[in-house]
Amino acid sequence: MTAINAVTDLTTQDGIAVLTVNSPPVNALSAAVRQGVLAGIETAGKDPSVQAIVLTCAGRTFIAGADITEFGKPMVEPSLHAVIKGIEASPKLVVAAIHGTALGGGLETALGCHYRVAVPSAKLGLPEVKLGLLPGAGGTQRLPRVVGAAQALEMVTSGTPVGARQAAERGLVDALAPEDGLLAFAVEYAREAVADGKPLRKIRDMNVQAEPGLFDTFRKANARKFRGYEAPERNIQCIEAAVSQPFDEGEQTERRLFMELMTGTQSAAQRHLFFAEREAQKIPGLPKGTVVRQIRKVGIIGAGTMGGGISMNFLSAGYAVTIVEANEKALERGVGIMRGNYENTAKKGRLTQEQVERNMGLLTASMAFEDLAECDLVIEAVFENMQIKKEIFGRLDQIVRQGAILASNTSYLDIDEIAASTKRPQDVCGMHFFSPANVMRLLEVVKGEHTAPDVLETVMQLSRRIGKVAVVAGVCHGFIGNRMLEPRQREANKLILEGAMPWDVDRVIYDFGFPMGPFQMADLAGLDIGWSAETSKGVTLRDQLCERDRRGQKTRSGFYDYNEKREQTPSPIVEELILRASAERQIKRRRIDDQEILERCIYTMINEGARILEEGKAYRASDIDMVWLTGYGFPAYRGGPMFYADTVGTRHVVERLRAYQASSETDFAPSDYLLKVAEEGRGFSSGK
Ligand code: 3HC
């Protein structure tokens, strides 16, 4: 074995050279990997004893892409382009042997090889679009030449990888290797290819055509999904170029569009989120050698919407779940809804009937708290009432085995107060799921004053296993997400009294990139949550709407009127009520422009985020960005509220808040931490 450099080596046996990349964790194409691969290909190419080359990777995966940490830094030779060109032009036949994930630059490298073999569990894809980019090393030009323009369009704009079997059907993989015998298979494949006189197939020389109208139809069909994002359109343009331009010209188009995206704010935002997601899992100061607790059996209290949704997460991931509910009818109903949800997913083809039965088979429905005794984790998901929650935790303390984790799904209440009703506050934490809990990715893990480090770490790891993005929050009203939602809600309600209409506010927030505005969201959720006719004072707009039975989408009227297709139109009744409300409060309405709406809704949120950091209720600014991305639909291409503040400038945020301070001293007072960051001329992402 010859080491080419620290991360690549070359061995030759019976005429087949094996070039191995060994650069943990994911064999990303760092400068060293690029240098090693190119040098290895050249060395083997010149060696007369070598007939063919196998390119393979050590560790858990084939090359998982360009090294994202190198982005934005000066390029070190050779470029990935040069490496792939070197492979494709090699005088020896090159076979890529793929396991794990061949992603981005990794798949592009494999596409430069003359043949590709993969184990069935391997995944192949071009996920650049998720980083606000496009495959910039020939991927958009080679992929369509192999799988056709339509499939390539789907793959580059979704970024979703395909399994090796599917890849084989599409011609992207030439042969499937046995799961535990990839290298031997690839070597044999290369030997036979040479013996059979197979050509050194260069994808660049292949032709690609597209059905007439393919691109326009595709754009129209996906317009909603791509709204606001720059990268999908550029990816489409590259596939168009693959069809309409010769290879080299197409590559130049790809290069130009790639650079446009790479230097733009959107990609910076999306790359920030890629690292933010991974960073969020890490607990600063976690004692070395912390051992996580074993979680096998999970108990859920409450079979309502939240309890049911939470249970489904665990069932889908293979955990045994005992769900407890005091009321028999509610229990039956809850279990029925869970089955119904699974059946619906099965109808859509995303689950087999066996999987539905397997999941439901893991569920035990009970009316007795005693059945939770053997659980390793119990999550309480009853309605928001401190007294009831304290009683429940007091009982759990008596019943559940020592060492189990006791969690509350509260969205606002004080975890420390809840924990104080047990004799084991170190085992108590918050697990705040977002509705619908089986769909939304966010989980706020609330760390109480006494929560033990191993409890926190166990819950963080468990969250990942059930497919959630977990973010640690400290104890405060509304934790991270709902606490920041409050100022936005407050401003939205003030704005409509001062001169805007709900549809103005919603339009601005929607155009900013959220899936909907605050009033549309209120209509969707139902205006009568927490409202009752008996206690209504008829003072707030919400009271007045509910009293008129305008309770939101479900009654086909709320802030908007809805037709049978749930399409909304502004309501003249609401307009009338708002005008009256302004008059009653002696507010002289004025014209409010879009900029003011945006700044008052978003900058006050940023200010609250800064306060959260100041108080240490979030570990880092990027955690706040993750909360807003995964729990509230903040547009990924803006990177989350704190990253967005950095892009517009923290000084600018302070200036604008000060400008509004004339109207309210308290609502717009910049927090100390925001002021500090702005004065230092930096952003939140550069650390606390
Ligand atoms: N560059 C640099 N670091 C990377 C990386 C990359 N492409 N991919 C992963 N890493 C790092 C992660 O940040 C993480 O670091 P940490 O341990 O310090 O937090 C570590 O590798 C392990 O990653 P994960 O925790 O994500 O491990 P998983 O096993 O869950 O997932 C994976 C592995 C599926 C490969 C996932 O990491 C992934 O999706 N990576 C990104 C793939 C990608 O987007 N590639 C395209 C890059 S852009 C490109 O190639 C441009 C080209 O066209 C020119």
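Residues numbered from 1 in each chain as written. Predicted model: local features only at pLDDT ≥ 70, side-chain atom pairs only at ≥ 80, totals over all residues. Heavy atoms only, no water.

A.B. asks: For this particular structure, what's the right way to read the nonpolar core?
C.D. replies: Side chains of nonpolar character tend, in soluble globular proteins, to be buried together. Of all hydrophobic cores here, the largest spans 88 residues; its most connected members are Val505, Trp628 and Phe684. Of all the elements, helix 23 (residues 594–614) adds the most residues to this core, at 10 residues. Leave out the neighbours within four places in its chain, and phenylalanine 684 touches Ile606, Ala610, Leu613, Ala621, Met642, Ala645, Asp646, Thr650, Tyr673, Leu674 and Val677. Ranked by size, the runner-up nonpolar core spans 73 residues in total, among them Val54, Ile87, Ala110 and Ala122. (Core = buried A, V, L, I, M, F, W, Y, C linked by side-chain atoms within 4.5 Å. Buried < 20%, exposed > 50% of the residue type's maximum accessible area, 1.4 Å probe, protein only. Helix = DSSP H or I, 4+ residues; strand = E, 2+ residues; numbered from the N terminus. Contact = heavy atoms within 4.5 Å.)

A.B. asks: Where do I start with the packing of helix 8 (residues 214–226) against helix 9 (residues 231–244) in this structure?
C.D. replies: A pair of packed helices is characterised by two quantities: the angle between their axes and the separation of those axes. The geometry of helix 8 relative to helix 9 is characterised by a closest axis approach of 11 Å and an angle of 165° between their N-to-C directions. Taken together, the axis directions place helix 8 and helix 9 in an arrangement best described as roughly antiparallel. The handedness of the crossing between helix 8 and helix 9 is right-handed. Contacts between helix 8 and helix 9 involve Phe215, Phe218, Arg219 and Phe226 from the first element and Pro232, Glu233, Ile236, Gln237, Ile239, Glu240 and Val243 from the second. Along the lines of polarity and charge, the residues of the contact of helix 8 with helix 9 split into 7 nonpolar, 1 polar and 3 charged. (Axes fitted to C-alpha atoms, helices over the stretch in contact; angles between N-to-C directions. Parallel < 35°, antiparallel > 145°, perpendicular 65-115°, else oblique. Left-handed = near helix turned anticlockwise from the far one by under 90°. Nonpolar A, V, L, I, M, F, W, Y, C, P; charged D, E, K, R; others polar.)

A.B. asks: How should I be thinking about the domain arrangement of the protein chain in this particular structure?
C.D. replies: By convention, interface size is frequently given as the accessible area that disappears when the constituent parts associate. On domain assignment, one finds that the protein chain holds domain 1 (2–262), domain 2 (297–479), domain 3 (500–584) and domain 4 (594–686). Between the C-alpha centres of domain 2 and domain 4 there is a distance of 32 Å. On the side of domain 4, 10 residues touch domain 2, which itself brings 15 residues to the contact. For the pair domain 2 and domain 4, the summed buried surface comes to about 990 Å²; carbon and sulfur atoms form 66% of the total. On the domain 2 side of the interface with domain 4, the three residues burying the most area are Leu442, Val471 and Val472, jointly 37% of the side's total. Taken together, the connections running from domain 2 to domain 4 amount to 0 salt bridges. Those elements giving two or more residues to the side of domain 2 that touches domain 4 turn out to be strand 17 (442–447) and strand 18 (469–474). Considering every element that reaches the side of domain 2 that touches domain 4, the biggest residue donor is strand 18, with 5 residues. Grouping the constituent residues of the side of domain 2 that touches domain 4 by class yields 11 nonpolar, 1 polar and 3 charged. (Domains from an automatic or database assignment. Buried area = accessible area lost by both parts, 1.4 Å probe. Salt bridge = Lys/Arg side-chain N within 4 Å of Asp/Glu carboxyl O.)

A.B. asks: Explain unusual backbone geometry to me, please; I cannot follow it from the model alone.
C.D. replies: Among all residues except glycine, the phi angle is most often negative; among peptide bonds, the trans geometry is most common. Cis rather than trans, the peptide bond between glutamate 77 and proline 78 has omega equal to -5°. Although it is not a glycine, asparagine 27 adopts a positive phi angle of roughly 55°. Structurally, asparagine 27 can be placed in the loop between strand 3 (16–21) and helix 1 (31–46). In this structure, aspartate 549 is a non-glycine residue whose phi angle is positive, near 60°. Of note, aspartate 549 is situated in the loop between helix 21 (541–547) and strand 19 (560–562).

A.B. asks: Please explain the site of the ligand as it appears in this structure.
C.D. replies: Around the ligand there are 25 residues in total, and Arg60, Ala66, Glu108, Glu128 and Arg278 lie nearest to it. Here an oxygen atom of the ligand and a side-chain polar atom of glutamate 108 are 2.8 Å apart. One nitrogen or oxygen atom from the main chain of glycine 136 is found 3.0 Å from an oxygen atom belonging to the ligand. Here the ligand loses 75% of its free accessible area of 990 Å² to cover by the protein chains. Where the shell around the ligand is concerned, the elements lending two or more residues are strand 6 (101–103), helix 3 (105–112) and helix 11 (265–279). Across the shell around the ligand, the residue classes break down as 13 nonpolar, 5 polar and 7 charged. (Near = heavy atom within 4 Å. Polar contact = N/O pair within 3.5 Å; in protein donor to acceptor, adjacent residues only side chain to side chain. Areas by Shrake-Rupley, 256 points an atom, 1.4 Å probe, with all protein chains shown as cover.)

A.B. asks: What is the right way to read the environment of proline 161 from this model?
C.D. replies: Relative to the assigned elements, proline 161 resides in the loop between helix 5 (149–158) and strand 9 (162–163). As a C-alpha pair, proline 161 and glycine 302 span 141 residues in sequence and 37 Å in three-dimensional space. In this view, proline 161 contacts Leu103, Lys123, Leu124 and Gly125; residues no more than four positions away in its chain are not counted.

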